[in-house]
Amino acid sequence: TRKSRPQRLLKAVEGKATLGDPQSVITAIDHFCRHKEWAMNVGDEKGSILDSLVIELSPVNVLELGTYCGYSTVRIARLLPPGARFITLEFNPDYAAVARQVIGWAGLEDKVQLVEGASGDWIPRLREHFGVQMFDLVFLDHWKDQYLPDTKQLEECGLIQKGTVLLADNVICPGTPDYLKYVRNSPHYDSRYYRSHLEYTKVEDGLEKSVFLGF
Ligand SMILES: CCCNc1ncnc2c1ncn2[C@@H]1O[C@H](/C=C/CNC(=O)c2cc(-c3ccc(F)cc3)cc(O)c2O)[C@H](C)[C@H]1O
Ligand SMILES: [Mg+2]
């Protein structure tokens, strides 16, 4: 059967990137998505905003919801301090398989724990299974209608504490209206919109950064 788009994206990485060089993996994916086939990676423009926030935060415990092909996983993992712990959740086994290879090509497999499964099933088990107490940074980039329920579940499980930063992709396009309303209206979050564009296009989109202030 014909290769899937993620598999074609992986072929582009293998053909162009240098093994063990995260930047070359990022560049190869961006080139493929800009000139060959669009794919829903956070992309280079929003990716630069993501980079600056990761560098500024220098997080020790990071959670990503929605690995997809591993593009943002590589962007984040390449900037983490030694000893940081990065868990990324992906429930589609085909995407998880592609992402493992993209992350491996970047030489970052030791920095990332890719967990194959649904966020709803795994969030309640992260503490006892991985020994993580709370997350400094959560990057939300999975199904847009799951941002809010998963955020509430993370709060209930005590994995979001004072100072935790939530960074959400696509708050304009495709949009996450219920999540946006929640973080912007809640007295427990200090929220800020970083205006940008939908990956590889001129359409408006952006990232919402929400700092939890404690209960
Ligand atoms: C119920 C399970 C929830 N728990 C879950 N647990 C674990 N993994 C999960 C869960 N829910 C989903 N996933 C995984 O995350 C990925 C899903 C990613 C979804 N991303 C978008 O839909 C999007 C669309 C556009 C877009 C913009 C404009 C257009 F015209 C077209 C497309 C742009 C963008 O930047 C976008 O990120 C992956 C495909 C999927 O298997
Ligand atoms: Mg996205």
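Below is a summary of the structure that appears in this document.

**A short note on the side chain of Lys-209**
Looking at where Lys-209 falls in the secondary structure, it is placed in strand E7 (residues 204-212). Excluding its chain neighbours within four sequence positions, the residues that come into contact with Lys-209 are Leu-53, Glu-56, Val-165, Leu-166, Leu-167, Asp-190, Ser-191, Arg-192 and Tyr-194.

**Structural notes on the site of ligand 1**
Taken together, 23 residues lie near ligand 1, and Glu-90, Ser-119, Asp-141, Asn-170 and Glu-199 sit nearest. Ser-119 places a polar side-chain atom, nitrogen or oxygen, 2.8 Å from a nitrogen atom of ligand 1. A distance of 2.7 Å separates an oxygen atom of ligand 1 from a polar atom in the side chain of Asn-170. Starting from 840 Å² of accessible surface for ligand 1 in isolation, the protein chains cover 81%.

**Let's talk about empty space enclosed by the protein**
On inspection of all chains with the given rule, the structure shows one cavity of 30 Å³ or more. Computed from the structure, the largest cavity encloses a volume of approximately 40 Å³. Class assignment for the residues of the lining of the largest cavity results in five nonpolar, four polar and one charged.

**Some points on unusual backbone geometry**
Of note, the bond from Cys-173 into Pro-174 is cis; its omega dihedral lies within 30 degrees of zero at 5°. Tracing the sequence through the fold places Pro-174 in helix H9 (residues 171-175). Phi is positive for Tyr-68, close to 55°, though the residue is something other than glycine. Looking at where Tyr-68 falls in the secondary structure, it is placed in the loop between strand E1 (61-65) and helix H4 (71-77).

**Here's the deal with the side chain of Thr-151**
Relative to the helices and strands, Thr-151 resides in helix H8 (residues 147-156). At 2.8 Å, the side chain of Thr-151 and the backbone oxygen of Tyr-147 are in polar contact. What Thr-151 contacts, discounting residues up to four positions off in sequence, is Leu-140, Ile-160, Leu-166, Tyr-179, Tyr-182 and Tyr-189.

**Considering the packing of aromatic side chains**
In the structure shown here, the tally under the stated rule is seven aromatic pairs. Plain terms: the ring middles of Tyr-147 and Tyr-179 are 5.6 Å apart, the flat faces sit at 85° to each other, and that makes the pair edge-to-face. One end of the pair, Tyr-147, is in helix H8; the other, Tyr-179, is in helix H10 (residues 177-185), with 32 residues separating them in the sequence. Tyr-179 gets classed as buried once you look at its relative accessible area, which sits at 0%. Among the aromatic residues, ring-to-ring pairing joins Tyr-182, Tyr-189, Phe-212 and Phe-215 into one connected group. The ring of Trp-122 carries the charged tip of Arg-125 above its face, separated from the ring centre by 4.2 Å. We note Arg-192 situated over the ring of Tyr-194; from NZ or CZ to the ring centre the distance is 4.0 Å.

**Thoughts on the packing of H8 against H10**
Direction vectors running N to C along H8 and H10 enclose 40°, while the axes themselves pass 8 Å from each other. Considering the angle they form, H8 stands oblique to H10. Seen from H8, the contacting residues are Tyr-147, Leu-148, Thr-151, Lys-152 and Glu-155; seen from H10, they are Asp-178, Tyr-179 and Tyr-182. Grouping the constituent residues of the contact of H8 with H10 by class yields four nonpolar, one polar and three charged.

**A closer look at H10**
The set of residues buried in H10 consists of Tyr-179, Leu-180 and Val-183. Each buried residue of H10 sits inside an arc of 95° when the element is viewed along its axis, so together they form one side. H10 presents Pro-177, Lys-181 and Asn-185 as exposed residues on the side facing more than 90 degrees away from its buried surface. As for H10, its buried residues are in contact with strand E4 (137-140), H8, strand E5 (165-168), H9, strand E6 (189-197) and E7.

**So, a nonpolar patch on the surface**
Among the surface-exposed residues, Trp-38, Met-40, Phe-91 and Trp-143 lie close enough to one another that they form a single nonpolar patch of about 450 Å² accessible area. Exposure remark for Phe-91: the relative accessible area of 48% places this residue in the partly exposed category.

How each quantity is defined
- Residues numbered from 1 in each chain as written.
- Chains lettered and ligands numbered in written order.
- Predicted model: local features only at pLDDT ≥ 70, side-chain atom pairs only at ≥ 80, totals over all residues.
- Heavy atoms only, no water.
- Helix = DSSP H or I, 4+ residues; strand = E, 2+ residues; numbered from the N terminus.
- Contact = heavy atoms within 4.5 Å.
- Near = heavy atom within 4 Å.
- Polar contact = N/O pair within 3.5 Å; in protein donor to acceptor, adjacent residues only side chain to side chain.
- Areas by Shrake-Rupley, 256 points an atom, 1.4 Å probe, with all protein chains shown as cover.
- 1 Å grid on protein atoms, 1.4 Å probe; cavity = no way out; pocket = protein on both sides within 12 Å on 5 of 7 lines; lining within 4 Å.
- Points joined across faces, edges and corners; volume = space filled by probe spheres on them.
- Nonpolar A, V, L, I, M, F, W, Y, C, P; charged D, E, K, R; others polar.
- Phe/Tyr/Trp six-rings, centres within 6.5 Å; stacked < 30°, edge-to-face > 60°.
- Buried < 20%, exposed > 50% of the residue type's maximum accessible area, 1.4 Å probe, protein only.
- Lys NZ or Arg CZ within 6 Å of the ring centre and 35° of its normal.
- Axes fitted to C-alpha atoms, helices over the stretch in contact; angles between N-to-C directions.
- Parallel < 35°, antiparallel > 145°, perpendicular 65-115°, else oblique.
- Arc of directions from axis to C-beta.
- Patch = residues over 30% accessible without salt bridge, like charges linked within 9 Å, V, L, I, M, F, W, Y side chains within 5 Å.
- Salt bridge = Lys/Arg side-chain N within 4 Å of Asp/Glu carboxyl O.

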